[in-house]
Amino acid sequence: EASRHHSSGNLAELRRVWHRVTDVHALVMMPVAVILAVFADDLIVVLYGRAYEDAATILRVFLLLLPIRIAMTSPMLRATGDSRGMLLSDVVSLAATLVSAPFFVRAFGPVGAVGSLLVGSLTFQALSLRRIARTMATGAGALLPLGRWVRLGALCAACAFVPWALLLAAPAPVRLLLGGALAVGAYALAVLKLNLVPAGERAMVLGLLARFLPERWLRLLG
């Protein structure tokens, strides 16, 4: 769809597609990042045992890549045929990763190695967003509804921290499975009740849930 609007020169529709796609992407990526970060200690313990508990910090840093990549720059560069821009962003971001890695690793150890990936990813996104903004004839800031994404992150955190705190005394497997399920359920309910899902995707989600939930539950979800 973006490729079609770009070819016809319909920049208003191209921007609309961008915002719709990134909004839906945020609704998926943000809860994955936040909920996994909250339950990272339990996840590592359940999968690998107490000996690897310190790896939870590495996982949390790595999860920062998910919100950074909410802005789907690579697909938009491909849709608009900007292969040169994608190649340039890739090369510069790789250089940023390689240059920052030795300093980060010396300072922070394994966590620093993941930190250098964040530097590379941020570099790629910044360069790509600049080119996309130029293609769409708008400012880079107009492409990123950061306030809305921050509020969504706060909602995810509330949905995750409450069950995590309530199950603080429970064994790690119970806290991970039950707490994670409660966090995901609370987030899904909040998103549907607050009408955060665009109309087309909302109908698709409710249609999927209709296969598993009783009709009276669906009426509660709206």
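The shown structure was predicted, so the numbers you read here are calculated from the model rather than taken from an experiment.

Peer 1: Looking at this model, I keep getting lost on the nonpolar core. Mind explaining?
Peer 2: Soluble globular proteins: nonpolar side chains tend toward being buried together. By size, the foremost hydrophobic cluster in this structure holds 22 residues, and its most contacted members are Met30, Phe39, Leu152 and Tyr187. The next biggest cluster of nonpolar side chains, apart from the first, holds 14 residues, and it includes Val17, Ala71, Leu77 and Met136.

Peer 1: Explain the side chain of Ser100 to me, please; I cannot follow it from the model alone.
Peer 2: Tracing the backbone through its elements, the reader meets Ser100 in helix 7 (residues 83-108). The exposure class assigned to Ser100 is buried, which follows from its relative accessible area of 10%. Separated by 2.8 Å, the side chain of Ser100 and the backbone oxygen of Ala96 make a polar contact. Within polar-contact distance, the side chain of Ser100 engages the backbone oxygen of Thr97 at 3.2 Å. Excluding its chain neighbours within four sequence positions, the residues that come into contact with Ser100 are Ser116 and Val119.

Peer 1: For this particular structure, what's the right way to read the packing of helix 3 (residues 40-48) against helix 11 (residues 172-193)?
Peer 2: A pair of packed helices can be characterised by two numbers: the angle between their axes and the separation between those axes. Relative orientation of the contacting elements helix 3 and helix 11 amounts to 120°, with a least axis distance of 9 Å. In this view, helix 3 runs oblique relative to helix 11, as classed from their interaxial angle. In the crossing of helix 3 with helix 11, the sense of the turn from one axis to the other is left-handed. Across the interface between the two elements, Asp42, Leu43, Val45 and Val46 of helix 3 pack against Ala172, Pro173, Arg175 and Leu176 of helix 11. Residue classes in the contact of helix 3 with helix 11 are distributed as six nonpolar, no polar and two charged.

Peer 1: What is the right way to look at the state of the cysteines in this model?
Peer 2: What is meant by a disulfide is a covalent connection between two cysteines, made through their sulfur atoms. Under the counting rule described, the total for this entry stands at zero disulfides. No disulfide involves Cys156; its nearest neighbouring cysteine sulfur is the one of Cys159, lying 6.7 Å away.

Peer 1: Can you walk me through unusual backbone geometry in this structure?
Peer 2: Most peptide bonds adopt trans geometry, and most residues besides glycine take a negative phi value. Positioned with a positive phi, Ala137 is a non-glycine residue whose angle comes to about 55°. Mapped onto the elements of the fold, Ala137 is located in the loop between helix 8 (110-135) and helix 9 (140-143). The backbone of Asn195 sits at a positive phi, close to 55°, despite the residue not being glycine. Relative to the elements of secondary structure, Asn195 occurs in the loop between helix 11 and helix 12 (199-209). The exposure class assigned to Asn195 is exposed, which follows from its relative accessible area of 53%.

The rules behind each value
Residues numbered from 1 in each chain as written. Predicted model: local features only at pLDDT ≥ 70, side-chain atom pairs only at ≥ 80, totals over all residues. Heavy atoms only, no water. Core = buried A, V, L, I, M, F, W, Y, C linked by side-chain atoms within 4.5 Å. Buried < 20%, exposed > 50% of the residue type's maximum accessible area, 1.4 Å probe, protein only. Helix = DSSP H or I, 4+ residues; strand = E, 2+ residues; numbered from the N terminus. Polar contact = N/O pair within 3.5 Å; in protein donor to acceptor, adjacent residues only side chain to side chain. Contact = heavy atoms within 4.5 Å. Axes fitted to C-alpha atoms, helices over the stretch in contact; angles between N-to-C directions. Parallel < 35°, antiparallel > 145°, perpendicular 65-115°, else oblique. Left-handed = near helix turned anticlockwise from the far one by under 90°. Nonpolar A, V, L, I, M, F, W, Y, C, P; charged D, E, K, R; others polar. Disulfide = S-S within 2.5 Å.

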